[in-house]
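# Structure at a glance
Given next are the chains, with one letter for each unit.
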Amino acid sequence: MTSPRLVATDLDGTLLDSTGSITPRTRRALDLARAAGAEIVFVTARPPRGVDRITPQSGEDEIAVCSNGAVVYDAAAREIVTSYTLDPAVAAKVATLLSEALPGVGFAVETGWNVLAEPAYDRILLFDQEYRRDLPDLDSLWDSGEPIVKLMAWSRGHSADDMLAVARAAVDGQAEITHSGGTGLLEISAAGVTKAGTLARLCAERGLTPQDVVAFGDMPNDLAVLAYAGLPYGMANAHPLVLESVPNRTLSNDEDGVAVVLERLYSS
């Protein structure tokens, strides 16, 4: 069997262990795949700044599909190559629909480099503080003039699974809605923008087909990538939807599950 020419891997809950790190074994497995001629592509909900924290551990600055497919990021050049933005008018309409369907929800937007938040968005991440700008009201998000690569909806009192079902019914295809785990956070992109769609475009540029791709993921936002790849793996710690949908499984992120597969695929 020919080894896959591209490794597409999610980060949190997949390539990274529970401390948010790449273990020495996983680093060696990435190097093994590269030495065999495979390209590593991070496919993540993280914005570029979140990828920058990881690439020093990975052994090489990778191309990354960020923000659930809304951004292609060249980590070596520290440059956003492509972005697929959400129209501010559509974002405002989606926020109105979600506010009605999920009372008390707060909103923020990822711009590609920074995050803008309205007062009700009280989800505070310490490593995002220097990139966060708090705005006086919801309308300021749409009037900022900044690009919107991802709209985020946050509710401290709801599970992400429950929110997702309600939100998809309320928005009815006007935007792409998913989540990457945790409590109460939905991630919203322009209609048709997914991790898989952007990965497929990268593969086409390289003359690759789905059969050339091995992919790893753990959350609902990874499902489209896992459906696209010729060789998909769900992590043992994955969300039930992933475990139900993906035929191949590997060990958990804390057991070097990605490394286990890469070692088998790329060892001579």
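An account of the accompanying structure is given in this report.

Neither face of strand β1 (residues 6–9) is exposed, since L6 and A8 on one face and V7 and T9 on the opposite face are all buried. As paired elements, β1 and strand β2 (residues 39–43) share four bridges and run parallel to each other. Pairing of L6 across the sheet is with E39, part of β2.

Let's shift gears to the sheet that holds strand β11 (residues 185–190). Spatial strand order, β8-β7-β6-β9-β11-β10: six strands in an open sheet with mixed pairing. Each edge of the sheet is formed by a strand with only one pairing partner; in this case those strands are β8 (132–134) and β10 (175–178). For this sheet, the mean inter-axis angle between neighbouring strands, taken without regard to orientation, is 25 degrees. Set on the sheet, helix α7 (residues 160–171) makes contact with β9 (150–154), β10 and β11; between it and β10 the angle comes to about 165 degrees.

V7, I188 and F216 are the most contacted members of the largest nonpolar core, which has 56 residues in total. The element contributing the most residues to this core is helix α11 (residues 257–266), with six residues. Once residues lying within four places of it in the same chain are set aside, the contact partners of I188 are L86, V94, L98, V149, K150, L151, A153, A175, E176 and I177. Within the second largest apolar cluster, 21 residues are counted, among which are L199, L202, A238 and V242.

With that out of the way, let us pick up the side chain of T14. Note that T14 resides in helix α1 (residues 11–15). The exposure class of T14 is buried, given its relative accessible area of 1%. Every residue in contact with T14, bar those within four places of it in the chain, is listed here: T9, F216, G217, D218, M235, N253 and V258.

Take the environment of A64 next. With respect to the secondary-structure elements, A64 resides in strand β3 (residues 63–66). Taking the C-alpha atoms as reference points, A64 and H239, 175 residues apart in sequence, are found 23 Å from one another. Other than its neighbours up to four places away in sequence, A64 contacts F42, V51, V71, V72 and Y73.

So, about the state of the cysteines. Under the criterion given, the structure shown has zero disulfides. Free cysteine C66: the closest other cysteine sulfur is in C203, separated by 16 Å. Overall, C203 belongs to the buried group, its relative accessible area being 0%.

Under the counting rule described, the total for this entry stands at two aromatic pairs. Between F216 and Y233, the aromatic rings sit 5.6 Å apart at their centres with planes inclined by 20 degrees, giving stacked as the arrangement. Residue F216 is found in strand β12 (residues 213–217), and its partner Y233 is found in strand β13 (residues 231–235); the two are separated by 17 residues along the sequence. As far as burial versus exposure is concerned, F216 and Y233 are alike and both buried. For the cation-ring pair, R123 lies above W154, with the distance from its terminal atom to the ring centre recorded as 5.9 Å.

With that settled, consider the packing of helix α5 (residues 88–101) against α7. Closest axis-to-axis distance for the α5/α7 pair is 9 Å, and the angle between their directions is 130 degrees. Comparing the axis directions of α5 and α7 gives the class oblique. Relative to α7, the crossing made by α5 is right-handed. Facing α5, whose interface residues are V94, L97, L98 and A101, α7 presents V166, A167, A170 and V171. Among the residues making up the contact of α5 with α7, the classes are represented as eight nonpolar, no polar and no charged.

Rules used throughout
- Residues numbered from 1 in each chain as written.
- Predicted model: local features only at pLDDT ≥ 70, side-chain atom pairs only at ≥ 80, totals over all residues.
- Heavy atoms only, no water.
- Buried < 20%, exposed > 50% of the residue type's maximum accessible area, 1.4 Å probe, protein only.
- Helix = DSSP H or I, 4+ residues; strand = E, 2+ residues; numbered from the N terminus.
- Pairing = 2+ DSSP bridges.
- Axes fitted to C-alpha atoms, helices over the stretch in contact; angles between N-to-C directions.
- Contact = heavy atoms within 4.5 Å.
- Core = buried A, V, L, I, M, F, W, Y, C linked by side-chain atoms within 4.5 Å.
- Disulfide = S-S within 2.5 Å.
- Phe/Tyr/Trp six-rings, centres within 6.5 Å; stacked < 30°, edge-to-face > 60°.
- Lys NZ or Arg CZ within 6 Å of the ring centre and 35° of its normal.
- Parallel < 35°, antiparallel > 145°, perpendicular 65-115°, else oblique.
- Left-handed = near helix turned anticlockwise from the far one by under 90°.
- Nonpolar A, V, L, I, M, F, W, Y, C, P; charged D, E, K, R; others polar.

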